[in-house]
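# Observations on the three-dimensional arrangement
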Amino acid sequence: MLNYRKDLNEMPSYDGVERDYRIKVNANESTLSLPPLVEERVLNRLANISFNRYPNEEYDLLVEQIAKNFSVSKSQILLGGGSSEIIEKVFHAFGGNGRKIIYPQPSFSMYKIYARAAEAQAFPFDLDEKFDLDVDSYIKKIREVNADLAVICNPNNPTGNALTVAQIEEIVKNVDCALLLDEAYVEFYGHSAFSLVKKYPNLIVARTFSKAYGMAAARVGYMIAQEDVTRMINKTFMPYHMNTLSLAAADIVYQMRDEFVPRIQMTVAERQRIFEQLKNLRELEVFPSQTNFILIRYEKAAQLQEYLDNINIGVRYFSAGAPSLKNCLRISMGTRIENDEVLSVIKNFVQGK
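Here is a short report on the structure shown in this document. (Residues numbered from 1 in each chain as written. Predicted model: local features only at pLDDT ≥ 70, side-chain atom pairs only at ≥ 80, totals over all residues. Heavy atoms only, no water.)

### Looking at the side chain of E338
- Among the structural elements, E338 can be located in helix α12 (residues 336-350).
- One buried charged residue, E338, remains without a salt bridge, the closest side chain of opposite sign being R22 at 8.2 Å.
- Beyond its immediate sequence surroundings of up to four residues, E338 is in contact with I23 and T31. (Helix = DSSP H or I, 4+ residues; strand = E, 2+ residues; numbered from the N terminus. Buried < 20%, exposed > 50% of the residue type's maximum accessible area, 1.4 Å probe, protein only. Lys, Arg positive; Asp, Glu negative; His and termini not counted. Salt bridge = Lys/Arg side-chain N within 4 Å of Asp/Glu carboxyl O. Contact = heavy atoms within 4.5 Å.)

### Observations regarding helix α4 (residues 110-117)
- Looking at α4, one finds that the buried residues are M110, Y111, I113, Y114 and A115.
- For α4, the secondary structure elements touched by its buried residues are α3 (82-94), β3 (100-105), β4 (121-126), β5 (149-153) and β6 (178-182).
- Immediately downstream of α4, the backbone of E119 shows phi near 60°, a positive value.

### What about the sheet that holds strand β10 (residues 293-297)?
- If you walk across this open sheet you meet the 4 strands as β9-β10-β13-β12, and the pairing is antiparallel. Across the chains shown, the open sheet's two edge strands, defined by having one partner strand only, are β9 (285-287) and β12 (316-317).
- Across 5 bridges, β10 lies against strand β13 (residues 328-332) in antiparallel orientation. For I294, the partnering residue across the bridge sits in β13 and is I331. (Pairing = 2+ DSSP bridges.)

### Comments concerning unusual backbone geometry
- A cis geometry characterises the amide bond from Q105 onward to P106, with omega recorded as 0°.
- Phi is positive for N28, close to 60°, though the residue is something other than glycine.
- With a phi close to 60°, R219 is a non-glycine residue in the positive phi region.
- Turning to its location among the elements, R219 is positioned in the loop between β7 (203-208) and β8 (221-224).
- You can call R219 partly exposed: its relative accessible area is 35%.

### Considering the packing of helix α1 (residues 36-46) against helix α9 (residues 244-255)
- Axis separation between α1 and α9 bottoms out at 9 Å; the angle between their running directions is 145°. As for how α1 packs across α9, the hand of that crossing is right-handed. Counted together, V38, R41, V42, R45 and L46 of α1 and L245, A248, A249, D251, I252, V253 and Q255 of α9 form the full contact between these two elements. (Axes fitted to C-alpha atoms, helices over the stretch in contact; angles between N-to-C directions. Left-handed = near helix turned anticlockwise from the far one by under 90°.)

### Thoughts on a nonpolar patch on the surface
- Side chains of L2, Y4 and L8 sit close together on the surface and give an oily, nonpolar patch of about 360 Å² of accessible area.
- Inspection of the secondary structure puts L8 in the segment before β1 (23-24). (Patch = residues over 30% accessible without salt bridge, like charges linked within 9 Å, V, L, I, M, F, W, Y side chains within 5 Å. Areas by Shrake-Rupley, 256 points an atom, 1.4 Å probe, with all protein chains shown as cover.)

### Topic: the packing of α3 against α4
- Following both chains from N to C, one finds α3 and α4 inclined at 40°, their axes separated by 9 Å at the closest point. In terms of orientation, α3 lies oblique with respect to α4. Crossing of α3 against α4: the hand is right-handed. The residues of α4 that touch α3, namely those facing S84, I87, E88 and F91, are Y111, Y114 and A115.
- The residue inventory of the contact of α3 with α4, partitioned by class, reads 5 nonpolar, 1 polar and 1 charged. (Parallel < 35°, antiparallel > 145°, perpendicular 65-115°, else oblique. Nonpolar A, V, L, I, M, F, W, Y, C, P; charged D, E, K, R; others polar.)

### Observations concerning the sheet that holds β4
- If you trace the 7 strands from one edge of the open sheet to the other, you get β2-β8-β7-β6-β5-β3-β4, paired in mixed fashion. Every interior strand has two partners, whereas the edge strands, β2 (77-80) and β4, have only one. Strand-to-strand twist across the sheet, computed as the mean angle between neighbouring axes with direction ignored, equals 20°.
- Packing of helix α6 (residues 165-172) onto the sheet brings it into contact with β5, β6 and β7, and relative to β6 it is tilted by some 155°.

Have a look at this one:
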């Protein structure tokens, strides 16, 4: 009989099974691939890769770019396989038997899984009925449980709302533990708290190329923290954990990130347009968003999701596994044409047409 690690069978897992939907707005991905000029330069760069060499040079080049953009030392930057790997390693660094990790819920579903994998004690902190985080109560709870790591996803996934930079600072300056700030969607919000890293040694900021830069397939993310923090967290990574292809592509994308600004602006404009349209449907509760998606609550959400699925449109439905998200659907922003069709289908369903 195979002797697996203790409790592995009870380990929660992430459902990553995807369908090839005609309109795919269920995963918060960018609806567009790379801009043509960026894609051309990425392909040219990939054509000149030395496949026989480890990715030291490509790693260093991307770190140098990111550090220069944020006006920090290269030693303050770590790269990972999307911000997800960064988060997992932070949980590992501050976790362990008997140690405590606190995070809001509902939020990124992997926090629960990473806490379990880190063998830490998880303390989910409930958002209010509007999915807002009570900052004072969160600070109080962090102190009360004597947390080793606290987490904030800002803007929050899957609810879409965001804290101000002042609210983030209020938390980080009033807790003694590490604070991980997950900024996966911050480009759509426009208000990053990365500047607080210089002031607060307990702040760690995680970012990703997957959302605003449309590189979900490449799996590239980065972390910003003070040097002594990155030095310790770097110990949790294996050697050469990033591949050269992804690093080289991300290096070009980051050089040409201004090419993505119009797309980000388009996504924000579409989000606001669809939000205003959905608000007119009295049967729906539509939550304000600072991301590339919108969350709605609808009494017949399960039936609507099934109908959308049958016509090959993918949205995210939250089942009984997330009680506070009962009857909620999350809709990523697609192109204007895609958004119009999704909106039309929802309107017709809600109005019984």
